[in-house]
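Each chain is listed here by its residues.
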Amino acid sequence: SDRKTQPHHTQMPQSSNLTGDINISSHQDHSYLRKLVAQLRQKVQKDVGTTTDASCKKILFYGANGYTASIILHFMSELDFPMNACVFAARNPAKLTEALVQHLGEKYGRVMVETFAATDKDVERVFAKRDYSVVLNCAGPFEETADAFIKHCASKGVSYVDITGEVSVFESVLQNPDLKSKIGNKKIVVMPGVGFDIVPSDSLLKSVTEEFEKKFGEKPNKLEVLISTGGNEHNDVAMSHGTKKTMLRGFASSAPVTRLDGKLQHPKEFVKDFKVKVKPDDTQTTTVRGSSIPWGDVSTGYFSTGVPNIHTYMPGIYPNETTAQALNSTLVSLLMRFLFALPFVLRFGEWCIENFSPKGPSENSRTTSRGVMLAEATSKDGSKEVKRMLYVPEGYHLTAQTALASTIRIALGDCKEWGPTTPSRTFGSDYIVNFDGCFFQEAE
């Protein structure tokens, strides 16, 4: 098994947002990713030995010029990824070339490139030119880019993954009988969300559900997860342009943010206090106020576990329930939807993001930050409970690793489940602990 045990020297940081300073890069060798890249390299060499390189199925890496993509490119270069296994693509040719030259260096001369928009017509044209095994889509907002890829992947027998966190995208895949029918018996995976949202939390929820079932012989009735996305001693937390644009567009909708009795609904309560022991042997607990957020697990967690009630929280958004109720009132929601539905308001907001905000977390933040998650599984009457913690590196740093690893595993055919699915169902509940800096810890 690749499962890792908890390092003895590690403990939960004592901070209100459950994040602390840790130099992730100083003790990471990326052994799991190295192993997968080596396996892919062997496969490519074997395939080229039996046919021409041009006829071998490729990985299509779309959106290869974005912030998260730049970190993936860094890993590909560092780990000697077989460049002839991949076609790098984006909509903007100049930005794509700039990103590949910057992050691949001399290896840029050996790569295949495509430039096109993620439209039905363009994707069909690109798929007609050569055969692909899997598409890795890193170009958001994914509500705009996923549909065309998924449509043609399903019909052509090509797997699809992306790094979305958009609930609407998850629902369009996981609750879509037509898509499942179109895929049929094809051995392909359609799996949105192979980044920080939702690989770690999906693994955690699946893991705590399995532990609950093992302990009590029944499935829990409710899952709650507190997600701290990462920070360091300087509170150096930032989001990529793509994430900010997705959030901006989210203001124009009134998307439900929780799952109640198997259905997506608006939450009845927006705030919950979590009591967490900072260290396993502590007698005191740290109280962390979580605010309800529309994390992808309200969709994927239901598919992964079958638990009908799933609530996702993040620290520090709402100070109390009264404020939360006021900000989420019908009047405020209608005002926000009206304002951000105006095209010029949305375009102005996106222009400001592109021109006045950082592209994402600094390198220092990515290498000195960590995230922490706490999951609680409870019975209907609340008498039975299982809690589990998960420590992870900074979100974008981890996204690059999980996205690349998931893509390679699918290209290798190393999947437990095919069709529309989730990471924990495809790779198992312990998938996340293969990555450096990721480990479970029991919570009382």
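Before going into details, it helps to say that this report is about the structure given with it. As the structure is a computational prediction, the values presented were derived from the model and not from experiment.

Remarks on the pattern of salt bridges
Pairing is possible between side chains of opposite charge, provided their charged atoms come close. Taken as a whole and assessed by the stated rule, the structure comprises 15 salt bridges. The closest approach of N and O atoms between Lys151 and Asp120, which form a salt bridge, is 2.9 Å. Linking Lys151 in helix α5 (residues 142-156) with Asp120 in helix α4 (residues 120-129), this pair joins segments that are 31 residues apart in sequence. Lys151 sits in the partly exposed class, given a relative accessible area of 40%.

Digging into unusual backbone geometry
A cis amide bond links Gly140 with the next residue in sequence, Pro141, at an omega value of -5°. Here Pro141 lies in the loop between β4 (132-137) and α5. Even without a glycine there, the phi angle at His30 is positive, about 55°. Position of His30 relative to the elements: it lies in the segment before α1 (31-50). Unlike most non-glycine residues, Asp80 shows phi in positive territory, near 60°. Positionally, Asp80 belongs in the loop between α2 (67-78) and β2 (86-90). Take Asp80: its relative accessible area is 40%, and that puts it in the partly exposed class.

Describing the packing of aromatic side chains
This structure, assessed with the given rule, holds 15 aromatic pairs. Seen from their ring centres, Phe196 and Trp295 are 6.2 Å apart, and the 90° between their planes marks the pair as edge-to-face. You can see Phe196 sitting in the loop between β6 (189-191) and α8 (199-216) and its partner Trp295 sitting in the loop between β11 (285-292) and α10 (297-305), a full 99 residues away along the chain. Taken as a pair, Phe196 and Trp295 share a single burial class, namely buried. An angle of 55° between the planes, with centres 4.7 Å apart, marks the rings of Phe212 and Phe216 as tilted. Here the residue Phe212 and the residue Phe216 both occupy positions in helix α8, the gap between them amounting to four residues, near one helical turn. On the basis of relative accessibility, which here comes to 0%, the residue Phe212 falls in the buried class.

Side note on the sheet that holds β4
On the basis of which strands lie adjacent, the open sheet formed by seven strands has the order β3-β2-β1-β4-β5-β6-β15 and parallel pairing. At either margin of the open sheet sits one strand with a lone partner, and together these are β3 (112-115) and β15 (419-420). Direction of pairing for β6 relative to β15: parallel, over a ladder of two bridges. Paired with Val190 across the bridge in β15 is Pro420. In this fold α2 packs onto β1 (58-62), β2 and β4, with an angle of close to 145° to the strand it touches most, β1. Contacting β1, β3 and β4, α4 runs over the sheet at an angle of about 155° to β3.

As for the environment of Arg289
In this fold, Arg289 is placed in strand β11. Contacts of Arg289, omitting those with residues within four sequence positions, involve Val271, Lys272, Asp273, Met314, Pro315, Gly316, Tyr318, Pro319 and Asn320. A polar side-chain atom of Arg289 sits 2.8 Å from a polar atom in the side chain of Asp273.

Some remarks on helix α6 (residues 167-174)
The element α6 is largely enclosed, with a buried count of six among its eight residues. Listed as buried for α6 are Val167, Val169, Phe170, Glu171, Val173 and Leu174.

Some words on the nonpolar core
Counting residues in each nonpolar core, the largest one holds 103 residues, and the members touching the most others are Leu60, Phe61, Met76, Phe81, Phe88 and Ile432. With nine residues, helix α15 (residues 395-411) is the largest single contributor of residues to this core. Of all hydrophobic cores here, the second largest spans nine residues; its members include Val288, Tyr313, Val372 and Met389.

Criteria and thresholds
Residues numbered from 1 in each chain as written. Predicted model: local features only at pLDDT ≥ 70, side-chain atom pairs only at ≥ 80, totals over all residues. Heavy atoms only, no water. Salt bridge = Lys/Arg side-chain N within 4 Å of Asp/Glu carboxyl O. Helix = DSSP H or I, 4+ residues; strand = E, 2+ residues; numbered from the N terminus. Buried < 20%, exposed > 50% of the residue type's maximum accessible area, 1.4 Å probe, protein only. Phe/Tyr/Trp six-rings, centres within 6.5 Å; stacked < 30°, edge-to-face > 60°. Pairing = 2+ DSSP bridges. Contact = heavy atoms within 4.5 Å. Axes fitted to C-alpha atoms, helices over the stretch in contact; angles between N-to-C directions. Polar contact = N/O pair within 3.5 Å; in protein donor to acceptor, adjacent residues only side chain to side chain. Core = buried A, V, L, I, M, F, W, Y, C linked by side-chain atoms within 4.5 Å.

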